[in-house]
Amino acid sequence: MNIGTIKQNDGGIFVGKIATLTIAMTIALREVHSANPKAPKYEVLALSASRAWVQVGALFELFSNGTGEAFLNGKIEDPSFAAPLYISAFRQDDDSYNVVWSRPTRRRDLASEMAPKADDGLPPLPGADETAGAGTGTGGEGAEAGLGQSSAEHAFAG
């Protein structure tokens, strides 16, 4: 969804506007000069209510897998936002950028996929319901704690 445009002004600075139902801001891009290949291409600055430029994000240069065409990708963040605003900027024929909003894709949570499932069809292990320090579960001491009598001494040959 297109939420704004950025154009280069007479001074060579990229300035634009982003507008959604809840956000209306003037932004500018400041080029980042770094030897680090993982550094962003631009810092995103927003014009505050007091008319001061405030850094609110960064854009990284990425390349399309299909066409090899360059585009900018990153996010805008502010404490007043409920969630970051993930954006991409695509260069147009007139050297302006169309700013596009995208909902972040949810990454698979590998840890939760690897965790044992609660209902795997197996009965609970003996003693799994006992609390620490509640007794050994071999006699009547567990009954006092409300755990009931154990049948473990009769179920296994000693």
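See above for the structure.
Structure report, in brief. (Residues numbered from 1 in each chain as written. Predicted model: local features only at pLDDT ≥ 70, side-chain atom pairs only at ≥ 80, totals over all residues. Heavy atoms only, no water.)

### Regarding the pairing of strand β8 (residues 97-101)
Where we set the bar: Between any two strands, at least two bridges found by DSSP are needed for them to pair. Strands here are runs of E lasting at least two residues and helices are runs of H or I lasting at least four, both read from the DSSP assignment and numbered beginning at the N terminus.
Of the pairings in the sheet, the one linking strand β1 (residues 2-8) to β8 comprises four bridges and is antiparallel in character. Bridge assignment links G4 to a residue of β8, and that residue is V99. Here strand β7 (residues 85-91) pairs with β8 via five bridges, running antiparallel. Counted as the bridge partner of I87 is W101 from β8.

### Some words on unusual backbone geometry
Note: most residues except glycine have negative phi, and most peptide bonds are trans. Under the convention used in this document: Each residue's exposure class comes from its accessible area (1.4 Å probe, protein chains only) as a fraction of the maximum for that residue type: buried when under 20%, exposed when over 50%, partly exposed otherwise.
A positive phi angle, close to 60°, is found at R51, a residue other than glycine. Taking relative accessible area as the criterion, R51 reaches 65% and is therefore assigned exposed. Positive phi outside glycine occurs at D95, with the angle close to 70°. Using a relative accessible area of 42% as the deciding quantity, one classes D95 as partly exposed.

### A word on the environment of S88
Put simply, the test is: By definition in these notes, contact holds between two residues if any of their heavy atoms fall within 4.5 Å. Here a polar contact is taken to be a pair of N or O atoms separated by no more than 3.5 Å, where protein atoms must pair a possible hydrogen donor with a possible acceptor and residues adjacent in sequence count only if both atoms sit in side chains.
Within the element layout of this structure, S88 appears in strand β7. By relative accessible area, which is 10% here, S88 ends up buried. As a C-alpha pair, S88 and L59 span 29 residues in sequence and 8.0 Å in three-dimensional space. Ignoring anything within four residues of it in the chain, the contact list for S88 reads F71, L72, N73, N98, V99 and V100. In terms of polar contacts, S88 uses its side chain to reach the side chain of N73, at 2.7 Å.

### Overview of the nonpolar core
Threshold: By nonpolar core is meant a set of buried Ala, Val, Leu, Ile, Met, Phe, Trp, Tyr and Cys residues that side-chain atoms within 4.5 Å join together.
One finds I18, M25, L29 and I76 to be the most contacted residues of the largest nonpolar core, which totals 21 residues. Breaking this core down by element, the ones donating at least two residues are β1, β2 (14-19), β3 (24-31), β4 (42-47), β5 (53-63), β6 (70-76), β7 and β8.

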